[in-house]
Amino acid sequence: MNETLQLIKERISTNHFDKTRKLSDDEIRELVEYAGQAPSSYNIQHWRFVAVASAEGKARLRALAYNQAKVEEAAVTFIVLGDLRGYDHMPEIAAAVVAAGQIDEKRAESWVTTSHKLYAGNEQFARDEAIRGASLAAMTLMIAAQAKGLSSGPMIGFDPVGVKQAFGIADRYLPVMLLTVGYPAPGNAGRKPRFGVDRILAFEQGSGFPS
Ligand SMILES: Cc1cc2nc3c(=O)[nH]c(=O)nc-3n(C[C@H](O)[C@H](O)[C@H](O)COP(=O)(O)O)c2cc1C
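This report concerns the structure included in the present document. (Residues numbered from 1 in each chain as written. Predicted model: local features only at pLDDT ≥ 70, side-chain atom pairs only at ≥ 80, totals over all residues. Heavy atoms only, no water.)

Let us look at a nonpolar patch on the surface. Judged by side-chain polarity, Phe195, Val197, Ile200, Leu201 and Phe203 come together as a nonpolar surface patch covering roughly 540 Å² of accessible area. With respect to the element layout, Phe195 can be found in the loop between strand E4 (173-182) and helix H9 (197-200). When its relative accessible area of 53% is taken as the criterion, Phe195 is described as exposed. (Patch = residues over 30% accessible without salt bridge, like charges linked within 9 Å, V, L, I, M, F, W, Y side chains within 5 Å. Areas by Shrake-Rupley, 256 points an atom, 1.4 Å probe, with all protein chains shown as cover. Salt bridge = Lys/Arg side-chain N within 4 Å of Asp/Glu carboxyl O. Helix = DSSP H or I, 4+ residues; strand = E, 2+ residues; numbered from the N terminus. Buried < 20%, exposed > 50% of the residue type's maximum accessible area, 1.4 Å probe, protein only.)

Once that is clear, we can look at the site of the ligand. All residues in the neighbourhood of the ligand are listed as Arg11, Ile12, Ser13, Gln68, Lys70, Pro154, Met155, Ile156, Gly157, Lys192 and Arg194. Here a nitrogen atom of the ligand and a backbone polar atom of Pro154 are 3.2 Å apart. In this structure, Arg194 approaches the ligand through a side-chain N or O atom, which is 2.9 Å from an oxygen atom. In isolation the ligand has 620 Å² of accessible area, and contact with the protein removes 63% of it. The residue makeup of the shell around the ligand, split by class, is 4 nonpolar, 3 polar and 4 charged. (Near = heavy atom within 4 Å. Polar contact = N/O pair within 3.5 Å; in protein donor to acceptor, adjacent residues only side chain to side chain. Nonpolar A, V, L, I, M, F, W, Y, C, P; charged D, E, K, R; others polar.)

The next subject is the packing of aromatic side chains. One pass over the structure, following the stated rule, counts 4 aromatic pairs. Considering the side-chain rings of Phe49 and Phe78, the 6.0 Å spacing of their centres and the 80° angle between planes classify their relative orientation as edge-to-face. Highlighted residues: Phe49 in strand E1 (residues 47-52) and Phe78 in strand E2 (residues 76-83), separated in sequence by 29 residues. Aromatic pair Tyr119 and Phe125: ring centres 5.3 Å apart, planes at 25°, arrangement stacked. In this structure Phe125 comes out as partly exposed when scored by relative accessible area, which is 26%. (Phe/Tyr/Trp six-rings, centres within 6.5 Å; stacked < 30°, edge-to-face > 60°.)

The next subject is the sheet that holds E4. Sheet architecture is open: 4 strands sit in the order E1-E2-E4-E3, paired in antiparallel fashion. Two strands bound the open sheet, and with one partner strand each, they are E1 and strand E3 (151-155). Strand after strand, the sheet turns through a mean of 25° between neighbouring axes, direction not considered. Of the pairings in the sheet, the one linking E3 to E4 comprises 5 bridges and is antiparallel in character. Within E4, the residue paired with Ser151 across the bridge is Gly182. This element, helix H2 (residues 25-35), spans E1, E2 and E4 of the sheet and lies at about 160° to E1. Along the sheet, helix H3 (residues 55-63) makes contact with E1, E2 and E4, crossing E1 at roughly 115°. (Pairing = 2+ DSSP bridges. Axes fitted to C-alpha atoms, helices over the stretch in contact; angles between N-to-C directions. Contact = heavy atoms within 4.5 Å.)

Take unusual backbone geometry next. Its identity as a non-glycine residue notwithstanding, Asn43 has a phi of 60°, on the positive side. Its location among the elements puts Asn43 in the loop between H2 and E1. One non-glycine residue, Asn67, adopts positive backbone phi at about 60°.

Quick look at the structure:
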């Protein structure tokens, strides 16, 4: 099987990490660089990552994550954030695409105007987009980690308000998930069973998913 497809099939949400194996700052940076290759609406790149890798930081985070041991045992636990006002950065983002020769100034202006119209004043939609963007980046990071012989675990079991306070995260950022990454230890369960494709796929000529 193609290597990437195999990685997708092999990834598991890891519960047990080798506590003795750390990741360097450069290794953490590399993972986040891969995560940043994810797609996002208007290329807004809503994702931000707080890498919690110190013993003290991970202990603090574990206490805010229902005492889930993997938060502390993993080499790093990322707080994956979504920027609720990512569209504020559109002038800079569009200018970079112009500089890359991919769109002209007129189109860049239209990106800035239409994205602002879409998200400003529509809190729910901006929040949805922040979660979509951060989730795609988190998934990309999980695949990159797998490709590097690491294992990962996405987590929603944490106190987002407490995490924001404890780690000095501004209100414009929504904690979307925690993501543990490290070397796996023995004792992890296998991959969880999945619905078959016929359960999750409808071709459009049918009636979709009426219930
Ligand atoms: C958004 C999200 C939140 C999750 N939160 C937790 C969590 O707080 N604690 C936990 O042990 N597992 C958590 N999981 C892991 C899921 O239980 C796991 O992905 C699912 O059972 C499928 O297992 P697999 O990833 O090993 O195939 C979470 C997964 C996702 C995608």
